[in-house]
Amino acid sequence: MPSSGGGPSDLPLASPGRGRSALERERANPLGSYLRARRERVTPEQVGLARHGVRRVPGLRREELALLAGISADYYLRLERGRDRNPSPQVLEALARALRLDQDHRAHLEALVAQSSRVGQTAPSAAAAPAGAIRLLDSLPHPAFIEDRYLDILAANPAATALDPRLAPGRNQLRDLLLDSAEQAMHPDPELAAACLIAGLRHTMGSDVADPAFARLTDELHRESAQFRRIWARHDVRSQRGATLRLNHPQRGLLRLSREQLGINGTAGLKLVVYYPEA
């Protein structure tokens, strides 16, 4: 166990990539970046460890996490530094338990490890919304649109653009929420809305952190939005399930809508999203 006053693991580690941006480091070592971010979000008290002395890092120390997972501190350090990228299923399960990961975060951890077996494969290419999906979209009486895995809007019906003019083809929902003050004003809690979209984007993209379109979007938002940098650094992951959406409409006041999304068969991750009145 580390000493009560801290230890070597509390100090920043020198790294050949030290001068690179946070996004560049994450793309070079997705698994290690994720482990570190989740480790920093678990407190000693949450896992039954006593807190002694001054701690120079948030959350658990590396040695503490290794102890909880039943692996050596040296081996865990290699995982976090990207020197070993192929932990066994047993090690992954032990780390998931020690990090108190829920189902979405466990699945993300497994996807990051599986990435090593997909090196050289290309990401799914962007695709236009199928004609049948467009016809279905236009037939719906409720606000609805088709989004791709980057949260770009490919098609929207008139009810959607009447609800929010930014729900229009060519727009990106996350970019608008973070950088457009009019869109921010639509949300009673823009911080929560941004956190949900970012966690959903991480879940959708999985380990494809070097996907060119994804990289361009995250580079832009990392550069332009301090809010994005803060939330992105947490590495939260959440699948997009049905949820209640609260919107401040400039003419209609506060609206409470149910949000559902359906995958579109035969496409590279396109989804039909529908907003409808709460029951």
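What you see is a predicted model; the values in this text were computed from it and never measured.

1. Things to note about the confidence of the model for the chain
- When the pLDDT values of the chain are averaged, the result is 87; 89% of them are 70 or greater.
- Under a pLDDT of 50 for its full length, residues 1-16 has, in the predicted model, 31 contacts with residues more than four places off or in other chains.

2. Some points on the side chain of Ser 33
- Residue placement: Ser 33 occurs in helix α2 (residues 30-39).
- On the basis of relative accessibility, which here comes to 19%, the residue Ser 33 falls in the buried class.

3. Some thoughts on the layout of surface pockets
- Taken as a whole, the second largest pocket encloses approximately 610 Å³ of empty space.
- Looking at the second largest pocket, it is lined by 29 residues, and the ones nearest its centre are His 187, Ala 193, Cys 196, Leu 245 and Arg 259.
- Counting residues per element, the ones that place at least two in the lining of the second largest pocket are α9 (173-179), α11 (190-205) and β3 (243-249).
- Sorting elements by how many residues they give to the lining of the second largest pocket places β3 first, with 5 residues.

4. Some thoughts on the packing of aromatic side chains
- According to the stated counting rule, one finds 3 aromatic pairs in the structure shown.
- Judged by centre distance (5.9 Å) and plane angle (50 degrees), the rings of Phe 214 and Trp 232 are tilted. Pair noted here: Phe 214 is in helix α12 (residues 212-224) and Trp 232 is in helix α13 (residues 226-232), with a separation of 18 residues, a long-range link.
- When its relative accessible area of 4% is taken as the criterion, Trp 232 is described as buried.
- Considering the side-chain rings of Phe 228 and Trp 232, the 5.1 Å spacing of their centres and the 20 degrees angle between planes classify their relative orientation as stacked. In this pair, Phe 228 and Trp 232 both sit in helix α13, 4 residues apart, roughly one turn of the helix.
- For Phe 228, a relative accessible area of 0% gives the class buried.

5. Some words on the pattern of salt bridges
- Tallying each qualifying case throughout the model produces 23 salt bridges.
- One salt bridge connects Arg 106 with Glu 93, and the closest N-O pair in it is separated by 2.9 Å. With a gap of 13 residues between them, Arg 106 in helix α6 (residues 103-114) and Glu 93 in helix α5 (residues 89-98) connect regions that are remote in the sequence.
- Judged by its relative accessible area of 25%, Arg 106 is partly exposed.
- Here Asp 208 ties to Arg 149 by a salt bridge, and the two come within 3.3 Å at their closest N and O atoms. Here Asp 208, found in the loop between α11 and α12, pairs with Arg 149, found in the loop between β1 (144-147) and β2 (153-156); they are 59 residues apart in sequence, far enough to count as distant.
- Using a relative accessible area of 9% as the deciding quantity, one classes Arg 149 as buried.

6. Description of the nonpolar core
- Membership of the largest hydrophobic core comes to 25 residues, with the highest contact counts inside it found for Leu 35, Leu 65, Ile 71, Tyr 76, Leu 95 and Leu 109.
- Setting aside its immediate chain neighbours within four residues, Tyr 76 contacts Leu 35, Arg 36, Arg 39, Arg 62, Leu 65, Ala 66, Ile 71 and Leu 95.
- By size, the runner-up hydrophobic cluster in this structure holds 20 residues, among which are Leu 23, Ala 193, Leu 197 and Ile 198.

7. What about the sheet that holds β3?
- Strands sit in the order β2-β1-β5-β4-β3 across an open sheet of 5 strands; the sheet is antiparallel. In this open sheet, the two strands that pair with only one neighbour each are β2 and β3. The sheet shows a mean angle of 30 degrees between the axes of neighbouring strands, direction not considered.
- Taken together, the 4 bridges between β1 and strand β5 (residues 271-277) define a ladder with antiparallel strand orientation. In the sheet register, Ala 144 faces β5, and the bridge partner there is Val 274.
- Of the strands in this sheet, β1, β2 and β5 touch helix α7 (residues 131-139), which is tilted by about 155 degrees from β1.

8. A closer look at unusual backbone geometry
- Even without being a glycine, Arg 100 presents a positive backbone phi close to 60 degrees.
- Within the element layout of this structure, Arg 100 appears in the loop between α5 and α6.
- Here the phi dihedral of His 235 falls at roughly 60 degrees; this positive angle occurs in a residue that is not glycine.
- Note that His 235 resides in the loop between α13 and β3.
- Judged by its relative accessible area of 7%, His 235 falls in the buried class.

9. Some thoughts on the packing of helix α3 (residues 62-69) against helix α4 (residues 73-81)
- Following both chains from N to C, one finds α3 and α4 inclined at 110 degrees, their axes separated by 9 Å at the closest point. In terms of their interaxial angle, α3 and α4 are classed as roughly perpendicular. As for the relative orientation of α3 and α4, their crossing is right-handed in sense. Contacts from Arg 62, Glu 63, Leu 65 and Ala 66 of α3 reach α4 at Ala 73, Tyr 76, Leu 77 and Glu 80.
- For the contact of α3 with α4, the per-class residue count stands at 5 nonpolar, no polar and 3 charged.

Calculation criteria
- Residues numbered from 1 in each chain as written.
- Predicted model: local features only at pLDDT ≥ 70, side-chain atom pairs only at ≥ 80, totals over all residues.
- Heavy atoms only, no water.
- pLDDT = per-residue confidence, 0-100.
- Contact = heavy atoms within 4.5 Å.
- Helix = DSSP H or I, 4+ residues; strand = E, 2+ residues; numbered from the N terminus.
- Buried < 20%, exposed > 50% of the residue type's maximum accessible area, 1.4 Å probe, protein only.
- 1 Å grid on protein atoms, 1.4 Å probe; cavity = no way out; pocket = protein on both sides within 12 Å on 5 of 7 lines; lining within 4 Å.
- Points joined across faces, edges and corners; volume = space filled by probe spheres on them.
- Phe/Tyr/Trp six-rings, centres within 6.5 Å; stacked < 30°, edge-to-face > 60°.
- Salt bridge = Lys/Arg side-chain N within 4 Å of Asp/Glu carboxyl O.
- Core = buried A, V, L, I, M, F, W, Y, C linked by side-chain atoms within 4.5 Å.
- Pairing = 2+ DSSP bridges.
- Axes fitted to C-alpha atoms, helices over the stretch in contact; angles between N-to-C directions.
- Parallel < 35°, antiparallel > 145°, perpendicular 65-115°, else oblique.
- Left-handed = near helix turned anticlockwise from the far one by under 90°.
- Nonpolar A, V, L, I, M, F, W, Y, C, P; charged D, E, K, R; others polar.

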